[in-house]
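# Observations on the model geometry
Here's the letter readout for the chains.
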Amino acid sequence: MRVLTVIGNRPQFIKAAAVTPVLRRHHDEVLIHTGQHFDDALSSVFFTELGIPAPDLELGISLGSNSSQTARMLAALAPALSDLRPDLVLVYGDTNSTLAAALAGAQAGIPVAHVEAGMRSFDRTMPEELNRVLVDHASALLLCSSHVAADNLRREAVAGAVEVVGDVMVDVAARVQPRARERIDLLAARGLRPGEYVLATAHRAGNVDQPERLELLVELLLAIPYPVVLPLHPRTHARLRDGGLLGSLQRSDRVIVTGPLGYVELTALLCHARAVLTDSGGLQKEAYLAGIRCITLRPSTEWVETVELGWNVLADLDRDAAIAALDTAPPAERPPLYGDGHAGERVVEALSGSPVGSRT
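Below or above, wherever it landed, is the structure these notes cover.

So, how was this worked out
- Residues numbered from 1 in each chain as written.
- Predicted model: local features only at pLDDT ≥ 70, side-chain atom pairs only at ≥ 80, totals over all residues.
- Heavy atoms only, no water.
- Salt bridge = Lys/Arg side-chain N within 4 Å of Asp/Glu carboxyl O.
- Helix = DSSP H or I, 4+ residues; strand = E, 2+ residues; numbered from the N terminus.
- Buried < 20%, exposed > 50% of the residue type's maximum accessible area, 1.4 Å probe, protein only.
- Expected span 1.5 Å × (residues − 1).
- Contact = heavy atoms within 4.5 Å.
- 1 Å grid on protein atoms, 1.4 Å probe; cavity = no way out; pocket = protein on both sides within 12 Å on 5 of 7 lines; lining within 4 Å.
- Points joined across faces, edges and corners; volume = space filled by probe spheres on them.
- Phe/Tyr/Trp six-rings, centres within 6.5 Å; stacked < 30°, edge-to-face > 60°.

## Considering the pattern of salt bridges
- Overall, the coordinates contain 25 salt bridges when judged by the stated rule.
- Residues Arg-2 and Asp-28 are paired through a salt bridge, measuring 2.9 Å at the closest nitrogen-oxygen approach. Taken together, the residues Arg-2 in strand E1 (residues 2-7) and Asp-28 in strand E2 (residues 28-33) connect sequence positions 26 residues apart.
- For Arg-2, a relative accessible area of 28% puts it in the partly exposed group.
- Using a relative accessible area of 36% as the deciding quantity, one classes Asp-28 as partly exposed.
- Arg-132 serves as the salt-bridge partner of Asp-94, at 3.0 Å between the closest nitrogen and oxygen. A residue pair is termed long-range when its members are at least 10 positions apart, and Asp-94 in the loop between strand E4 (88-92) and helix H4 (96-107) and Arg-132 in helix H5 (residues 127-138) qualify at 38 residues.
- Salt bridges linked by common partners bring Asp-94, Glu-128, Glu-129, Arg-132, Arg-204, Arg-298 and Glu-302 together as one network.

Right, here's the structure in full:
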């Protein structure tokens, strides 16, 4: 079976690292990188650190509005599908790359398999939520991280087959977190000590593209009573610069502003942080896997289980709520959500057992 895998940003690179090696032992995979994350610090470093094969095709499509980016990806993927003639299109997560590939595959009559299907924040103002819903309803095979996600899909009466395989990011975390915990040198290089700093990230359009919310974000970060490591996504950096807010963070004696970090360094900082403040879906889950309290800078999350278990607090941009959560101890118990570290294998088993895979 020929599988066309489409990836384009950091979370997808991590997920592909769990699936691609297994997939290539059993099937022919063609890997396309859309270019959605084009900066070396957000792209090539992950291929190097996680051992992902170089893409077979790079589209070089980045920047622009969600609609523009998705349209350009669709236009580029249509001839690629025609030339490569895959049996199945494999997509991950909730990005514009995911939506473009799913639409291109479905419109070409090629079955689409969606890894991390069924996740819902129930906030349709988020581009990622709209992408998730559209991709799920265009997919023939929906591979879920949890039974909660599968239940969401059944309530929506999706047409495709639903299967719980676990979370492929658990596979990568299980491999990388133990050695990342040993990298105390990466903390020392920034003058940090375990448990005495906060790791923060922000990149969602709802936080960084709206000036009034961006100001609230900066006020919140400056109010944190611990050192804050703040790796800046290029888009966030540009919004802060254009809004005249970057200088206040750079002048702070507690905020350490950095460029984007590779997976190993970010994981080391995550594993030794007092807490994580983020609007990233993936980092919420990685914090849970590392046993680190997460404070989510959004009013909703797709990882509802982490909130229900008390490991994740939805503070939005409420400064007082975020600070209060920093000094609240996480629960003593942390159930093993999202699988056992073998989700990549189950993804490939599901692909092989699909109507397309079973006849090849």
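## Overview of helix H3 (residues 66-84)
- With 19 residues, H3 extends 26 Å from end C-alpha to end C-alpha; this agrees with the ideal 27 Å at 1.5 Å per step.
- Those residues of H3 not exposed but buried are Gln-69, Thr-70, Met-73, Leu-77, Ala-80 and Leu-81.
- Where H3 is buried, its residues meet E1, E2, strand E3 (57-58), E4 and H4.

## A look at empty space enclosed by the protein
- Throughout the structure, instances matching the rule amount to 1 cavity of 30 Å³ or more.
- Considering only enclosed or pocket space, the largest cavity measures out at about 30 Å³ in volume.
- The wall of the largest cavity is formed by Ala-202, Leu-217, Leu-221, Leu-230, Leu-232, Thr-236, Leu-240 and Leu-249.
- Elements represented by at least two residues in the lining of the largest cavity include exactly helix H10 (211-223) and helix H11 (234-242).

## Overview of the packing of aromatic side chains
- Applying the stated rule across the entire model yields 3 aromatic pairs.
- With 6.1 Å between their ring centres and 80° between their planes, Tyr-288 and Trp-311 make a pair best called edge-to-face. Linking Tyr-288 in helix H14 (residues 281-290) with Trp-311 in the loop between helix H15 (304-308) and strand E13 (312-314), this pair joins segments that are 23 residues apart in sequence.
- Since its relative accessible area comes to 2%, Tyr-288 is described here as buried.

## A closer look at the environment of His-147
- The residue His-147 is located in helix H6 (residues 147-156) in this model.
- What makes His-147 exposed here is its relative accessible area of 57%.
- Along the sequence, His-147 and Ser-67 sit 80 residues apart, while their C-alpha atoms lie 31 Å from each other.

## Topic: the layout of surface pockets
- Taken as a whole, the second largest pocket holds about 250 Å³ of empty space.
- In terms of lining, the second largest pocket is formed by 15 residues, of which the most central are Asp-123, Thr-125, Met-126, Gly-206 and Asn-207.
- Those elements that provide at least two residues to the lining of the second largest pocket are H5 and helix H9 (205-208).
- It is H9 that contributes the most residues to the lining of the second largest pocket, 3 residues altogether.

Bear in mind that shape data such as this cannot, by itself, settle questions of function.
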